[in-house]
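Descriptive analysis of the structure
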Amino acid sequence: SFEVKDWYRWVSQSLALFANPGPVLTWASVHRMHHAYNGTELDPHSPNKKGFWKVYCSRWSDGIRIKRKFLRGLIDDSSVVFFHRYYFKLMMILALVLFIIHPLVFVFGLAMPIVLAFHGYGMINAYTHKNNTVVNNWIANILTAGEGYHKNHHERPREWMIGNKWYHMDTG
């Protein structure tokens, strides 16, 4: 993984609230499990094992028991622990503040991004994992601003850009 400054960790996790992926501690550890167990019964994102709609519609941690080894490094980060501990309260505060500003600010600033992100996560998990292998999917790539090059991501998991060619749309 790559290293970032403390301020970047706090800002990025604050901005992530707008897409409601859940606390980093949860989704990052489940993502690590996915890479470790790709295409097996233990893979939390395998539509071949779990079914297309279950993978498309599931949250990061639905019924998943995260092994301690996948939490390493994450539980030592004070920002990750803070957002994990207070995630629900922070989401409620954000929703309330946006609604007080104006109901349409709430709708377009939080509700719609959450719905779009939900479908983005679902597309990546359901459309880029086929027959116990990982594939690139150009439709998912267009609809998720570059995340559809999922095979590339699995081949180079520590790279922050996953497009291989100059013409690959990759917002990194």
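In this report, we go over the structure that sits alongside the text. (Residues numbered from 1 in each chain as written. Predicted model: local features only at pLDDT ≥ 70, side-chain atom pairs only at ≥ 80, totals over all residues. Heavy atoms only, no water.)

1. Here's the deal with the packing of helix α1 (residues 6-16) against helix α5 (residues 78-101)
At a closest axis distance of 9 Å, the pairing of α1 and α5 adopts a crossing angle of 25°. Taken together, the axes of α1 and α5 lie roughly parallel to each other. Seen from above, α1 lies across α5 with right-handed handedness. Note on element contacts: α5 touches α1 through S78, S79, V80, F82 and F83, opposite R9, W10, Q13 and S14. Along the lines of polarity and charge, the residues of the contact of α1 with α5 split into 4 nonpolar, 4 polar and 1 charged. (Axes fitted to C-alpha atoms, helices over the stretch in contact; angles between N-to-C directions. Helix = DSSP H or I, 4+ residues; strand = E, 2+ residues; numbered from the N terminus. Parallel < 35°, antiparallel > 145°, perpendicular 65-115°, else oblique. Left-handed = near helix turned anticlockwise from the far one by under 90°. Contact = heavy atoms within 4.5 Å. Nonpolar A, V, L, I, M, F, W, Y, C, P; charged D, E, K, R; others polar.)

2. Remarks on the packing of aromatic side chains
Summed over all chains, the structure comprises 11 aromatic pairs. Judged by centre distance (5.3 Å) and plane angle (65°), the rings of F52 and Y127 are edge-to-face. Residue F52 is located in helix α4 (residues 52-57), and its partner Y127 is located in helix α6 (residues 103-127); the two are separated by 75 residues in the primary sequence. Seen in terms of ring centroids, F82 and Y86 are 5.0 Å apart; in terms of plane orientation they differ by 50°. Their pairing is tilted. Taken together, the residues F82 and Y86, both in helix α5 and 4 residues apart, mark about one turn of the helix. Classification of F82 as partly exposed rests on a relative accessible area of 29%. Taken together, the ring pairs connect W10, F82, F83 and Y86 into an aromatic cluster. (Phe/Tyr/Trp six-rings, centres within 6.5 Å; stacked < 30°, edge-to-face > 60°. Buried < 20%, exposed > 50% of the residue type's maximum accessible area, 1.4 Å probe, protein only.)

3. Thoughts on the nonpolar core
The nonpolar side chains of a soluble globular protein tend to be buried with one another. Judged by nonpolar contacts, L17, F83, Y87, L90, M91, L94, A95, L98 and L110 together constitute the single largest core of 9 residues. Per-element accounting of this core gives the leading share, 7 residues, to α5. Contacts of L90, omitting those with residues within four sequence positions, involve L17, F82 and F83. (Core = buried A, V, L, I, M, F, W, Y, C linked by side-chain atoms within 4.5 Å.)

4. So, the pattern of salt bridges
Evaluated as defined, the whole model comprises 3 salt bridges. Between D77 and R9 there is a salt bridge, with the nearest N and O atoms lying 2.9 Å from each other. A residue pair is termed long-range when its members are at least 10 positions apart, and D77 in the loop between α4 and α5 and R9 in helix α1 qualify at 68 residues. A salt bridge links K151 to E155; its shortest N-O distance comes to 3.9 Å. Taken together, the residues span about one helical turn, with K151 and E155 both in helix α8 (residues 150-155) at a distance of 4 residues. K151 sits in the partly exposed class, given a relative accessible area of 38%. Ionic contacts of the salt-bridge type, sharing partners, join the residues D6, R9 and D77 into one network. (Salt bridge = Lys/Arg side-chain N within 4 Å of Asp/Glu carboxyl O.)

5. Describing α5
Helical geometry note: an α-helix holds 3.6 residues per turn, so side chains three or four residues apart project in the same direction. Here α5 spans only 30 Å end to end across 24 residues, well under the 34 Å set by a 1.5 Å rise per residue. Considering bend angle alone, the principal kink of α5 is centred on Y86 and spans about 70°. Every buried residue belonging to α5 is among S79, V80, F83, Y87, L90, M91, L94, A95 and L98, and all of these are buried. (Expected span 1.5 Å × (residues − 1). Bend = angle between axes of the 7 residues up to and from the residue.)

6. Some details on helix α2 (residues 24-36)
The end-to-end C-alpha separation of α2 is 18 Å, in line with the 18 Å expected for 13 residues at 1.5 Å each. If you check which residues of α2 are buried, you get V24, L25, T26, A28, S29, V30, M33 and H34. As for α2, its buried residues are in contact with α1, α5, β1 (129-130) and α8.

7. Considerations on empty space enclosed by the protein
Summed over all chains, the structure comprises 3 cavities of 30 Å³ or more. Space inside the second largest cavity adds up to approximately 50 Å³. In terms of lining, the second largest cavity is formed by Q13, A16, L17, P21, G22, P23, V24, F83 and Y87. Among the elements of the structure, α1 and α5 are those that each provide at least two residues to the lining of the second largest cavity. (1 Å grid on protein atoms, 1.4 Å probe; cavity = no way out; pocket = protein on both sides within 12 Å on 5 of 7 lines; lining within 4 Å. Points joined across faces, edges and corners; volume = space filled by probe spheres on them.)

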